Amino acid sequence: MYNFTNNSNANASFLTSVSANAFQNSVQCNVATMMPDIMDAQPSLAEVQPGGTITLECAYSLQDTANPITVQVGPLMSITNEVNAQMTFSFKNN
């Protein structure tokens, strides 16, 4: 789940402003397609006015449930692959 705040001077959407990638075992995970009644993809396309915030979800296809996933977020257009935020998630063992 992401909270996207538009810090620009014009309307913007998460999908056209941010590069969000998940990695597992040092390999990028594919974006997963979810059923509309499980996860709504529309918020990622919604225009947000300057200063506004929207909460949205993204799903990824994982390789396994034993190894952690690292999510990196940066600007959509970056020559240096800049990362503004990163978080690692581990699975809880049952």
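See the structure printed just above.
Numbering of residues begins from 1 in every chain and follows the order in which that chain's sequence is written. Reporting in this predicted model follows two pLDDT cut-offs: at least 70 for local features of residues, and 80 or more for side-chain atom pairs to be given and counted; totals over whole chains, interfaces and linings ignore these cut-offs and use all residues. No hydrogens and no water enter the side-chain calculation; it runs on all heavy atoms of the structure.

Draft legend 1. Here's a closer look at the nonpolar core. Of all hydrophobic cores here, the largest spans 13 residues; its most connected members are Tyr2 and Phe14. For helices the rule is a DSSP run of H or I covering at least 4 residues; for strands it is a run of E covering at least 2, with both sets numbered from the N terminus onward. Of all elements in the fold, only strand S1 (2-5), strand S2 (18-24) and strand S5 (69-75) reach the threshold of two or more residues within this core. Residues count as neighbours in contact if any of their non-hydrogen atoms are within 4.5 Å of one another. Filtering out sequence-adjacent residues up to four positions away, Tyr2 remains in contact with Phe14, Ala20, Ile54, Thr55, Leu56, Cys58, Tyr60, Val71 and Val73. Nonpolar core, defined: a set of buried Ala, Val, Leu, Ile, Met, Phe, Trp, Tyr and Cys residues in which side-chain atoms within 4.5 Å join the residues together. Only protein chains enter the accessibility calculation, which uses a 1.4 Å probe. A residue is then buried if its area is under 20% of the maximum for its type, exposed if over 50%, and partly exposed in between.

Draft legend 2. Structural detail: the pairing of S5. With respect to burial, S5 is a largely interior element, five of its seven residues being buried. Pairing of S2 with S5 involves seven bridges; the strand directions are antiparallel. Within S5, the position partnered with Val18 by the bridge is Pro75. Two strands pair if DSSP finds at least two bridges between them. In this sheet, strand S6 (residues 85-89) lies alongside S5 in antiparallel orientation, the contact comprising five bridges. Pairing of Ile69 across the sheet is with Phe89, part of S6.

Draft legend 3. The side chain of Gln24, seen in detail. With respect to the helices and strands, Gln24 occurs in strand S2. What qualifies as a polar contact is a pair of N or O atoms within 3.5 Å, subject to a donor-acceptor requirement within protein and to the restriction that residues adjacent in sequence count only when both atoms come from side chains. Among the polar contacts listed, one links the side chain of Gln24 to the backbone oxygen of Asp64, at a separation of 2.9 Å. In contact with Gln24, other than residues within four places in its own chain, are Cys29, Leu62, Gln63, Asp64, Asn67, Pro68, Ile69 and Phe91.

Draft legend 4. Structural view of the layout of surface pockets. Estimates place the volume of the largest pocket at around 490 Å³. Lining the largest pocket are 21 residues, and of these Met1, Tyr2, Val71, Val73 and Phe89 lie nearest its centre. For the lining of the largest pocket, the elements supplying multiple residues, two or more each, are S1, helix H1 (14-17), S2, S5 and S6. Per element, the largest residue contribution to the lining of the largest pocket is five residues, and it comes from S5. For this classification, Asp, Glu, Lys and Arg are treated as charged, while Ala, Val, Leu, Ile, Met, Phe, Trp, Tyr, Cys and Pro are nonpolar and the rest, including Gly, are polar. When the residues that make up the lining of the largest pocket are grouped by side-chain class, the tally is 16 nonpolar, five polar and no charged. Grid points spaced at 1 Å and placed over the protein atoms alone form the basis of the search, with a cavity being a set where a 1.4 Å probe fits but cannot get out and a pocket an open set showing protein on both sides within 12 Å along at least five of seven lines. Lining residues have an atom within 4 Å of a point. Grid points are joined across faces, edges and corners, and a volume is the space filled by probe spheres set on the points.

Draft legend 5. A look at the sheet that holds S6. Spatial strand order, S3-S2-S5-S6: four strands in an open sheet with antiparallel pairing. With one partner strand each, in any of the chains shown, strand S3 (27-28) and S6 form the two edges of the open sheet. Relative to S3, S2 is paired through two bridges, and the arrangement is antiparallel. Within S3, the residue paired with Gln24 across the bridge is Val27.

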